[in-house]
Amino acid sequence: MISVHLWSGMRRLAGGAEAVSVQAATVGQMYDALIASHPGLEPVIKAGVSVVIDGEVTAGGRNLPVKPGQEIYLIQRVKGG
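First, a word on scope: everything that follows refers to the structure included in this document. (Residues numbered from 1 in each chain as written. Predicted model: local features only at pLDDT ≥ 70, side-chain atom pairs only at ≥ 80, totals over all residues. Heavy atoms only, no water.)

### Remarks on the nonpolar core
Condition: Take the buried residues of types Ala, Val, Leu, Ile, Met, Phe, Trp, Tyr and Cys, join any two whose side-chain atoms come within 4.5 Å, and each joined set is a nonpolar core. Buried means the residue's accessible area, taken with a 1.4 Å probe over protein chains only, is under 20% of the maximum for its type, while exposed means over 50%, and partly exposed covers the values in between. Helix and strand definitions follow DSSP, with helices as H or I runs of at least four residues and strands as E runs of at least two, each counted in order from the N terminus. Residues count as neighbours in contact if any of their non-hydrogen atoms are within 4.5 Å of one another.
With 22 residues, the main nonpolar core has Val4, Val22, Met30, Leu34 and Leu74 as its most contacted residues. Elements supplying a minimum of two residues to this core: β1 (2-6), β2 (19-22), α2 (27-37), β3 (49-53) and β5 (72-76). Those residues in contact with Val4 that lie beyond four places of it in its chain are Glu18, Ala19, Val20, Val22, Met30, Leu34, Ile72 and Leu74.

In structure tokens form, the structure reads like this:
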């Protein structure tokens, strides 16, 4: 089980929860589990979010492993420029 922290704009779509626990071993499984438990998150996740694991914005995609005990945050997509 991993705990995923949500940025404030997503919390209202997850019943006001600051963090949601889901069973997942990869970022893709995490997305799927979040959508399954909180369907209102689907449009935001599908539009694109950034995943921060242990303080680093990741670019590993859906196959990137996630583990219990890691600090995982979903934030608004970080775009370069």
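### Focus: unusual backbone geometry
Positive phi, normally seen in glycine, also occurs at Asp54, with a value near 50°. With respect to the element layout, Asp54 can be found in the loop between β3 and β4 (56-57).

### What about the pattern of salt bridges?
How we decide: Salt-bridge detection follows one rule: a side-chain nitrogen of Lys or Arg within 4 Å of a carboxyl oxygen of Asp or Glu.
Counted under the stated rule, the structure contains one salt bridge. With a shortest N-O distance of 3.1 Å, Asp32 and Arg62 are connected by a salt bridge. Of this pair, Asp32 sits in helix α2 while Arg62 sits in the loop between β4 and β5, and the two are 30 residues apart along the sequence. Relative accessible area serves as the criterion here: at 42%, Arg62 is assigned to the partly exposed category.

### Let's talk about α2
If you check which residues of α2 are buried, you get Val27, Gly28, Met30, Tyr31, Ala33, Leu34 and Ile35. Packed against the buried residues of α2 are β1, β2, α3 (42-47), β3 and β5.

### As for the pairing of β3
Quick note on the threshold: Strands qualify as paired when DSSP identifies two bridges or more between them.
Burial within β3 is extensive, with five of its five residues counted as buried. By the bridge criterion, five bridges tie β3 to β5 in an arrangement that is antiparallel. Along β5, the bridge assignment pairs Ile53 with Ile72. Looking at chain direction, β3 and β4 are connected through two bridges and run antiparallel. Residue pairing in the sheet places Val52 in a bridge with Val57 of β4.

### A short note on the sheet that holds β5
Adjacent strands of a sheet pair through backbone hydrogen bonds, lying either parallel or antiparallel. We apply this condition: Here, axes are lines fitted to C-alpha atoms. For helices the fit covers the stretch in contact, and angles between N-to-C directions go from 0 to 180 degrees.
Taken in spatial order, the five strands make up an open sheet running β2-β1-β5-β3-β4, and their pairing is mixed. The open sheet has two edge strands, β2 and β4, and neither has a second partner. Along the sheet, α2 contacts β1, β2, β3 and β5; its crossing angle with β2, the most-contacted strand, is approximately 110°.

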